[in-house]
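Residue strings, one per chain:
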Amino acid sequence: MALDPKADNSAQVYSDNSIEVAVLLTLSGGFLDVFTYVGHGHVFANSMTGNIVFLGIDIATGNWYQSMRHIPAILAFLTGVFIAYRMHLPSVLKHFPKPALTCLGLEIIVLITASFLPSSFPDILLVLSISLVAAMQNSSFTRLESWTYNSVMTTGNLRRFAEAFFRGTTPGYNPATLREARLFGLVCLSFLAGAILAALTTLKLHDHALFIPASLLTIAFAICWRRQKAKLLYLP
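Parameters and conventions
- Residues numbered from 1 in each chain as written.
- Predicted model: local features only at pLDDT ≥ 70, side-chain atom pairs only at ≥ 80, totals over all residues.
- Heavy atoms only, no water.
- Phe/Tyr/Trp six-rings, centres within 6.5 Å; stacked < 30°, edge-to-face > 60°.
- Helix = DSSP H or I, 4+ residues; strand = E, 2+ residues; numbered from the N terminus.
- Buried < 20%, exposed > 50% of the residue type's maximum accessible area, 1.4 Å probe, protein only.
- Polar contact = N/O pair within 3.5 Å; in protein donor to acceptor, adjacent residues only side chain to side chain.
- Contact = heavy atoms within 4.5 Å.

Novice: Is there a simple way to think about the packing of aromatic side chains in this case?
Specialist: The relative placement of two aromatic rings is captured by the distance of their centres and the angle of their planes. Going through the model one piece at a time under the given rule, you end up with 7 aromatic pairs. Residues Phe221 and Trp225 carry aromatic rings whose centres are separated by 6.3 Å and whose planes lie at 10 degrees to one another, so their mutual orientation is stacked. Separated by 4 residues within a single helix, Phe221 and Trp225 lie in helix α10 (residues 211-229), roughly one turn from each other. A relative accessible area of 24% places Phe221 in the partly exposed class. For Trp225, a relative accessible area of 39% corresponds to the partly exposed category.

Novice: Any chance you could explain the environment of Gly30 here in plain terms?
Specialist: Tracing the sequence through the fold places Gly30 in helix α2 (residues 19-39). Relative accessible area serves as the criterion here: at 1%, Gly30 is assigned to the buried category.

Novice: Would you mind going over the side chain of His40 with me for this structure?
Specialist: Examined against the element boundaries, His40 turns out to sit in the loop between α2 and α3 (48-60). Taking the relative accessible area as the measure of exposure, His40 reaches 7% and is therefore buried. For His40, the side chain forms a polar contact with the side chain of Asp123, separated by 2.8 Å. Excluding residues that lie within four positions of it along the chain, His40 makes contacts with Phe35, Arg69, Asp123, Leu126, Val127 and Asp207.

Novice: Got a minute to help me understand the environment of Glu180 in this structure?
Specialist: If you trace the backbone, Glu180 turns up in helix α9 (residues 175-205). Beyond its immediate chain neighbours, meaning those up to four positions away, Glu180 contacts Trp147, Arg160, Ala164 and Arg167.

Novice: Before we go on, may I ask you to explain unusual backbone geometry in this structure?
Specialist: Of all residues except glycine, most have a negative phi; of all peptide bonds, most are trans. Residue Pro171 is bonded to the preceding Thr170 through a cis peptide linkage, with omega at 5 degrees. With respect to the helices and strands, Pro171 occurs in the loop between α8 (155-169) and α9. Backbone geometry at Glu145 places phi at a positive 55 degrees, although glycine is not the residue there. Within the secondary structure, Glu145 sits in the loop between β1 (143-144) and β2 (147-148). The phi torsion at His206 lies on the positive side, around 60 degrees, for a residue other than glycine. Its location among the elements puts His206 in the loop between α9 and α10.

Here you go:
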């Protein structure tokens, strides 16, 4: 029995697995981690490994006040993952047929709004908001071409780079595998570049520095939107 094209399109989940979008998202991911760590209470927006490590250290040393600063970010990140995956349910897709773009658009709105917040706004609420939308973005954009990657943390990407480089050079030269290594190396460098950019701008611009990742994500959104309209967007 032939499938109804309209019914099939209603269940499509749009994402993008191009290197251009991966670089932009990873630049933003590195930026946001440093932004919240340097400017808002030494809490990571994306790196839950770091938050859990610091949580353990603070608990062990009896620094209960600082330990409590990490828990909301962890819970917000988990909530963001839950929301992103819930948006893939058929009942939700009826209203939001492009969940990846919806999550990315929401993140842009949150970052722009946060850039105008007064300095008296509680750090914990700001970090919580960024962690939530960053997790939604991370769960919505998971592919770099045919490989899985992470746009807000870099450990897995670094491992993929090292593995691909080793497989591409040992025992012999493998151009396809070395291309994988180059792409993941570029993603890792993008995360580093985002972190450096945040370190240079956060203390000078304060929350206005969020215009930088918001701009990067807006460019990524435009690329995804254009490719979707042109029917060149890849399906995950």
